Amino acid sequence: MTAIAHIPAPDLTDESLAAVTAEVAATAEEYDRTGAVPVLGLRAAHRAGLLTATVGRQFGGPGAGPREAARILTALGEGDPSVALIAANTLMAHAAQAANPHWPVALYDDLLARSLGGPAPVNAIRAEPELGAPARGGLPKTRVRRTGSGWVLDGHKSYATGGEALAYHVVWAVADEPGGDPDAPRVGHVIVPADRLGITWVDTWDHLGLRASNTHDVIYEGVELPADAFVEIPRGPDGVYRDPAATTAPGGFGHPALYLGVAKAARRAFADFARSRVPGALGRPIATTKRIQSVAGEIDLQIAQAETLLHGALLRVEAGEPVLPQLPVIKVAIARAVVAAVQTAVAALGNPGLSRRNALERHLRDVLCVRVHPPQEDAALVAAGRRVLGV
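Quantities reported herein were computed from a predicted structural model and do not represent experimental measurements.

### Considering the overall build of the protein
Here comes step 1: Across its full length, the protein carries 10 helices and eight strands.
Here comes step 2: Here the protein has a C-alpha radius of gyration of 22 Å; the compact-globule value for 391 residues is 21 Å, and the two agree.
Here comes step 3: Classification of the 391 residues of the protein by burial places 51% in the buried group.
Here comes step 4: For the protein, the proportion of contacts with a sequence separation of at least 24, taken over those separated by at least 6, is 74%.
Here comes step 5: Entry remark: accessible area of the protein is about 17500 Å², with carbon and sulfur atoms responsible for 55%.
Here comes step 6: Put simply, the protein has 37 plus and 40 minus side-chain charges, and the middle of one group is 7 Å from the middle of the other.

Printed below as a string of structure tokens:
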């Protein structure tokens with residue numbers, strides 16, 4: 001049985017979260033420019049207890065639910081969305097373990113011990129160069145081979161957010177084992193300590209947004225693991241394996257929540273600029289004009305829409321209402337709203353909004369990344385359309 005870690009509950013008051021936002025935001029621009037792991041931001045999140053908020057109560061953790069996690073990630077996203085993305089993956093991993101304990105006991109004990117000493121990020125690493133995003137279907141080429149004493153992992157993964165900051169990798173792989181059916185192999189996740197021999201990072205991340213997220217490629221060559229490191233993913237009702245990221249559950253709302261934070265940061269940047277900008281011909285701040293006031297209202301409308309959809313959906317889930325089939329399209333609506341909020345701010349300011357000297361330029365690049373998280377918009381809309389039409 002996993003040892004009790006006695007992880008303290010974080011202070012989730014608005015004032016405390018705002019303080020973390022400000023601390024994380026102080027280094028966001030520099031990390032965006034360098035692309036380095038956002039160490040200071042992760043340390044700030046760790047000191048506030050935000051990276052372990054969803055550790056289950058049965059493991060001595062706070063047991064925070066989806067709405068609390070969403071508030072955490074919105075606060076971190078407002079400060080630095082690269083920090084928030086690494087945190088989102090970590091919080092989802094702990095929440096999944098709390099809901100369905102599946103990690104090897106010794107490895108989860110180790111993760112909790114590391115989490116007490118400092119940031120210990122976790123990420124489910126699924127995509128591959130040839131396969132692309134697994135939410136679109138297909139089986140990974142990454143293989144975990146059964147040996148007499150355990151498993152050996154070999155493969156090449158893409159978009160492994162967290163990079164060398166990760167404490168653990170949860171790797172999507174196909175099992176190669178004696179007696180297995182080569183036409184229908186078992187598929188699952190392999191729990192991999194990040195310090196195992198045979199793990200090599202390839203710096204491939206040169207992205208428009210979330211530049212400090214370190215979403216690089218990673219290669220596994222002969223990584224030796226214990227016998228309980230492989231956890232099979234259950235087949236669907238049709239007998240087909242589906243990557244968990246292809247579906248939307250309440251815990252998956254961490255990603256849209258962090259981009260809500262980006263939109264809030266853009267609202268703040270827009271307001272700061274509008275109050276300080278005094279054109280010579282006007283002789284007063286542009287914030288005093290009805291045009292800019294109307295734009296500010298439009299930005300606020302989009303943020304209110306996204307925030308209401310996010311927390312409204314999670315409240316309905318908590319109340320036991322049957323909204324799960326609609327969660328993917330609710331994510332789409334949130335994504336549209338936060339992108340619209342930031343684009344509205346940038347469009348109103350023109351050149352200043354696209355200047356590297358203005359934080360809005362960074363917020364625009366970052367918020368566009370909301371679209372890449374599964375399920376993507378087209379897949380969510382097709383699924384919803386089929387459900388509505390009964391086909």
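### Observations concerning the packing of helix H3 (residues 66-79) against helix H7 (residues 290-318)
Here comes step 1: Between H3 and H7, the shortest axis-to-axis distance is 9 Å and the interhelical angle comes to 160 degrees. As summarised for this structure, H3 and H7 are arranged roughly antiparallel, according to the angle between their axes. Our pair here, H3 against H7, has a crossing hand that is right-handed. Residues Pro66, Arg67, Ala70, Arg71 and Thr74 of H3 touch H7, and the partners they reach there are Leu310, His311, Leu314, Leu315 and Glu318.

### Observations regarding the pairing of strand E2 (residues 143-146)
Here comes step 1: Note: E2 against strand E3 (residues 150-160), four bridges, orientation antiparallel. If you follow arginine 143 over to E3, its bridge partner there is aspartate 154.
Here comes step 2: The hairpin formed by E2 and E3 contains three residues between the paired strands.

### Some thoughts on unusual backbone geometry
Here comes step 1: That bond from proline 374 to proline 375 is cis: its omega, -10 degrees, falls within 30 degrees of zero.
Here comes step 2: Note on placement: proline 375 falls in the loop between helix H9 (359-367) and helix H10 (377-389).
Here comes step 3: In this structure, tyrosine 159 takes a positive phi of about 55 degrees despite not being glycine.
Here comes step 4: The topology assignment puts tyrosine 159 in strand E3.
Here comes step 5: Here leucine 210, not a glycine, exhibits a phi torsion of approximately 45 degrees, which is positive.
Here comes step 6: Among the structural elements, leucine 210 can be located in the loop between strand E6 (199-202) and strand E7 (216-226).

### Some points on the packing of aromatic side chains
Remark: the centre distance and the inter-plane angle together describe each pair of aromatic rings, the angle taken between the planes.
Here comes step 1: Here the structure, examined in full by the defined rule, presents five aromatic pairs.
Here comes step 2: Centroid distance tryptophan 151 to phenylalanine 230: 5.2 Å. Interplanar angle 40 degrees. Geometry classified as tilted. Here phenylalanine 230 lies in strand E8 (residues 230-232) and tryptophan 151 lies in strand E3, a separation of 79 residues in the sequence. Here tryptophan 151 matches phenylalanine 230 in class, with each residue buried.
Here comes step 3: Ring geometry for tyrosine 159 versus tryptophan 205: centroids 6.4 Å apart, planes at 85 degrees, classification edge-to-face. Of this pair, tyrosine 159 sits in strand E3 while tryptophan 205 sits in the loop between E6 and E7, and the two are 46 residues apart along the sequence.
Here comes step 4: Aromatic rings pair up to connect Phe59, Trp103, Tyr108 and Tyr168 into one cluster.
Here comes step 5: Over the aromatic face of tryptophan 151 sits the side chain of arginine 146, whose NZ or CZ is 4.9 Å from the ring centroid.

Thresholds, definitions, all that
- Residues numbered from 1 in each chain as written.
- Predicted model: local features only at pLDDT ≥ 70, side-chain atom pairs only at ≥ 80, totals over all residues.
- Heavy atoms only, no water.
- Helix = DSSP H or I, 4+ residues; strand = E, 2+ residues; numbered from the N terminus.
- Rg over C-alpha atoms; globule rule 2.2 N^0.38 Å.
- Buried < 20%, exposed > 50% of the residue type's maximum accessible area, 1.4 Å probe, protein only.
- Contact = heavy atoms within 4.5 Å.
- Areas by Shrake-Rupley, 256 points an atom, 1.4 Å probe, with all protein chains shown as cover.
- Lys, Arg positive; Asp, Glu negative; His and termini not counted.
- Charge placed at Lys NZ, Arg CZ, Asp CG, Glu CD.
- Axes fitted to C-alpha atoms, helices over the stretch in contact; angles between N-to-C directions.
- Parallel < 35°, antiparallel > 145°, perpendicular 65-115°, else oblique.
- Left-handed = near helix turned anticlockwise from the far one by under 90°.
- Pairing = 2+ DSSP bridges.
- Phe/Tyr/Trp six-rings, centres within 6.5 Å; stacked < 30°, edge-to-face > 60°.
- Lys NZ or Arg CZ within 6 Å of the ring centre and 35° of its normal.

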